[in-house]
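Listed below, chain by chain, are the residues.
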Amino acid sequence: MLFVAPNLGSVAVFLLFPLGFSLYLSFHSWDLFRPMRFTGLGNYRQLFGDPLFYVALRNTAEFTALTLGPTVVISLLVAAALNRALPGIGLFRTLAFLPLVASTVAMAVVWRFLFATDEGAVNLLLRLVGLEPVAWLSDPGAALAALSIVTVWRSVPFATVVLLAAMQGIPGNLYEAARIDGAGAWRRFRSITVPLIRGALSFVLVITVINAVQAFDQVYALTDGNGGPETGTYVLGIMLFQNAFGFYEIGYAAALAWVMFALLLGLTLVQLWLSRRGEEQL
């Protein structure tokens, strides 16, 4: 007990207490300066009656959909490409993982220059192939796509690490037996690799969804913290930040945080159930 007491104390102080206090705050009205006022479910009723909440929820859902598929597919392909014993493969693995060590805010600032309408590298490349430039950060529809591109670029390295580790744990004799039976590379990947890394895939799906729903720092850096243009990138993380530290509606922001928690918990449980169901069918 003496050995684990410091860790238990840290968990209680830095995890359990903030969780409990935020739940307590969600039932109160507080602006950090005046005394708290108990409102019961008032913050939750206000939240579900706020049109901006549904705008943020829709944008978050679209952002998650735009991020999830490309992240999983690209990570699978990159992990499969790196799961080879080739000369110099270590260099390519290092290059593939570099975005993982970059600061999210610094990375978002660099991408703002890349997405600049006039002199941005992305639009210069579009002009080279005969396409019209896109107002990436000033058009509401394009801004969410730009945010998704940045997030996928940021998320792929971590997902690749997880999937590559799972692939390297697959016994090589399974591939050898399949190769002897005449199975091609695609058949081996589909029938051996993907089923045997189902657990890692499930983990990547859950983590990607959680990161997308909680997205804040890259959104803030790309849009100056206002979820613009208009409400094109107004996601739940931006709404939470604005209400807590812009409008000082701490109780309202705490209620939003717990709604986000409930949403993520539900999505995670569904994903885990689907994963277990898939494993039972193997």
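Residues numbered from 1 in each chain as written. Predicted model: local features only at pLDDT ≥ 70, side-chain atom pairs only at ≥ 80, totals over all residues. Heavy atoms only, no water.

(A) Molecular detail of a nonpolar patch on the surface. A cluster of nonpolar side chains, namely Leu91, Phe92, Leu95, Leu98, Leu100, Val101, Phe158, Val161 and Phe203, defines an oily patch on the protein surface of about 840 Å² accessible area. The dominant element in the nonpolar patch, judged by the number of residues it contributes, is helix H4 (residues 89-97), at three residues. Following the sequence through the fold, phenylalanine 158 ends up in helix H7 (residues 140-168). Taking the relative accessible area as the measure of exposure, phenylalanine 158 reaches 35% and is therefore partly exposed. (Patch = residues over 30% accessible without salt bridge, like charges linked within 9 Å, V, L, I, M, F, W, Y side chains within 5 Å. Areas by Shrake-Rupley, 256 points an atom, 1.4 Å probe, with all protein chains shown as cover. Salt bridge = Lys/Arg side-chain N within 4 Å of Asp/Glu carboxyl O. Helix = DSSP H or I, 4+ residues; strand = E, 2+ residues; numbered from the N terminus. Buried < 20%, exposed > 50% of the residue type's maximum accessible area, 1.4 Å probe, protein only.)

(B) Spatial organisation of the side chain of serine 22. Note that serine 22 resides in helix H1 (residues 5-25). There is a polar contact of 2.8 Å between the side chain of serine 22 and the backbone oxygen of leucine 19. In this view, serine 22 contacts Ala254 and Trp258; residues no more than four positions away in its chain are not counted. (Polar contact = N/O pair within 3.5 Å; in protein donor to acceptor, adjacent residues only side chain to side chain. Contact = heavy atoms within 4.5 Å.)

(C) Spotlight on the nonpolar core. Counting residues in each nonpolar core, the largest one holds 35 residues, and the members touching the most others are Leu47, Phe53, Phe115, Trp136, Leu236, Met239 and Leu256. For this core, the element with the highest residue contribution is helix H13 (residues 250-281), accounting for six residues. Other than its neighbours up to four places away in sequence, leucine 47 contacts Phe53, Met239, Tyr252, Ala255, Leu256 and Val259. (Core = buried A, V, L, I, M, F, W, Y, C linked by side-chain atoms within 4.5 Å.)

(D) Quick peek at unusual backbone geometry. In the segment running from glycine 228 into proline 229, the intervening peptide bond is cis, with an omega of 0°. Relative to the helices and strands, proline 229 resides in the loop between helix H11 (217-223) and helix H12 (236-246). One non-glycine residue with positive phi stands out, namely glutamate 230, at about 55°. Looking at glutamate 230, the relative accessible area reads 70%, which means it is exposed. A positive phi is found at tyrosine 248, a non-glycine position, where the angle reads about 55°. Locating tyrosine 248 in the fold gives a position in the loop between H12 and H13.

(E) Expanded view of the pattern of salt bridges. In this structure the tally under the stated criterion is two salt bridges. One salt bridge connects aspartate 31 with arginine 34, and the closest N-O pair in it is separated by 2.8 Å. Taking relative accessible area as the criterion, aspartate 31 reaches 16% and is therefore assigned buried. In this structure, glutamate 176 and arginine 179 form a salt bridge, with 3.0 Å as the shortest nitrogen-oxygen distance. Of this pair, glutamate 176 and arginine 179 both sit in helix H8 (residues 172-180), three residues apart, roughly one helical turn. For glutamate 176, a relative accessible area of 41% puts it in the partly exposed group.

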